[in-house]
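Summary of structural features
Here is what each chain is made of, one letter per residue.
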Amino acid sequence: MGPRCFPTLETTQKDLEYLRWQQKYKYFGIMPIFRYTEAIVSRIPETLSVGRDTQGKENHELKIDLHKCREEFEVLVTVLREIGLDVVELPPDESCPNSPFVGDVAFVINGMGVVTKPKSKERQAEVNTIRTVLKKELDIPVVEVTDEEAYVEGSDILFTGRELFVGISNYTNLAGARFVAGTFPEYPCSPIKVPGNFHLTHYVNMASPDLICVGAGQDCQDIIK
């Protein structure tokens, strides 16, 4: 699924050889859990240039460099294709400024797709789009959040291959975490309080099997304690 944060051009190019190595060795059974076949990305709409808060409301103090975002997007798509993935590119949707963050509205574990339930009602159109792509274009079985009290976004989900961590943040609550745990009962599932206005995977993420990448900032360090 698509990333929550765009990689920098420097990082993407530096990691290209490593990604190729990952793709090569997956065929020998080294990385079965982290073997990917498709990626879904969304092109950058003009409306992304205005930042938004957790409720999707405009915050003009937050400015985004669209030119840089689009450069990084092209590098990302190139990398994904070079390592052998089939890339589904969604067109830019001006009515959905956050649509490039595909990983918020869905995630896939062991071939099971989860269509999430964002707190912001303005993201419902993104949910509808990703549901269609998963079911009709990729033929992936899908489950959805039915608890009215729950809200959850995919960028708060960290899957290590053996366990799940769910960020309790401005975007995902405990009811959402319980939904994730109930959907994947075969894996231990632990909630983690996330500080600030970001998702869990903004602070920590999987760098490779058995290796979690943690940011150097104090918030990142606090999360892993």
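Figured I'd write up the structure that's included with this text. (Residues numbered from 1 in each chain as written. Predicted model: local features only at pLDDT ≥ 70, side-chain atom pairs only at ≥ 80, totals over all residues. Heavy atoms only, no water.)

Quick notes on the overall build of the chain
What counts here: Helix and strand labels come from DSSP, where a helix needs a run of H or I of at least four residues and a strand needs a run of E of at least two; each type is numbered from the N terminus. Each residue gets one of three labels from its accessible area relative to the maximum for its type: buried under 20%, exposed over 50%, partly exposed in between, using a 1.4 Å probe on protein chains only. The contact definition used throughout considers only heavy atoms, calling two residues in contact when any of these lie within 4.5 Å. In this description, accessible areas are obtained by the Shrake-Rupley approach with a 1.4 Å probe, and a residue is regarded as covered only by the protein chains that are shown.
Within the chain, the regular secondary structure consists of 6 helices and 12 strands. Counting only residues that meet the buried cut, the chain has 44% of its 225 residues in that class. Residue pairs at least 24 apart in sequence account for 68% of intrachain contacts in the chain once pairs closer than 6 positions are excluded. Here the chain displays about 11,900 Å² of accessible surface, and carbon together with sulfur accounts for 53% of that area.

With respect to the sheet that holds strand β7 (residues 142-144)
For clarity, the cut-off: At least two bridges found by DSSP between two strands is the condition for calling them paired. Angles run from 0 to 180 degrees between N-to-C directions of axes, and those axes are lines fitted to C-alpha atoms, restricted for helices to the stretch in contact.
If you trace the 3 strands from one edge of the open sheet to the other, you get β5-β6-β7, paired in mixed fashion. The sheet terminates laterally at β5 (106-109) and β7, the two strands that pair on one side only. Sheet twist, expressed as the average angle between the axes of neighbouring strands with direction ignored, equals 25°. Relative to strand β6 (residues 112-115), β5 is paired through 4 bridges, and the arrangement is antiparallel.

Here we look at helix α2 (residues 66-82)
Applied cut-off: In this scheme, a helix's expected span is set at 1.5 Å multiplied by one less than its residue total.
With 17 residues, α2 extends 24 Å from end C-alpha to end C-alpha; this agrees with the ideal 24 Å at 1.5 Å per step. Where α2 ends, the next residue or the one after it, Gly-84, has phi of about 95°, a positive value.

Notes on the sheet that holds strand β9 (residues 164-168)
A sheet is described by the order of its strands in space; here 3 strands give the open sequence β8-β9-β10, paired in mixed fashion. Each edge of the open sheet carries a strand with a single partner, namely β8 (157-159) and β10 (189-193). Ignoring which end each strand starts from, the neighbouring axes of this sheet average 25° apart. Two elements, β8 and β9, share 3 bridges in a ladder whose sense is antiparallel. Looking across to β9, one finds that Phe-159 is bridged to Leu-164.

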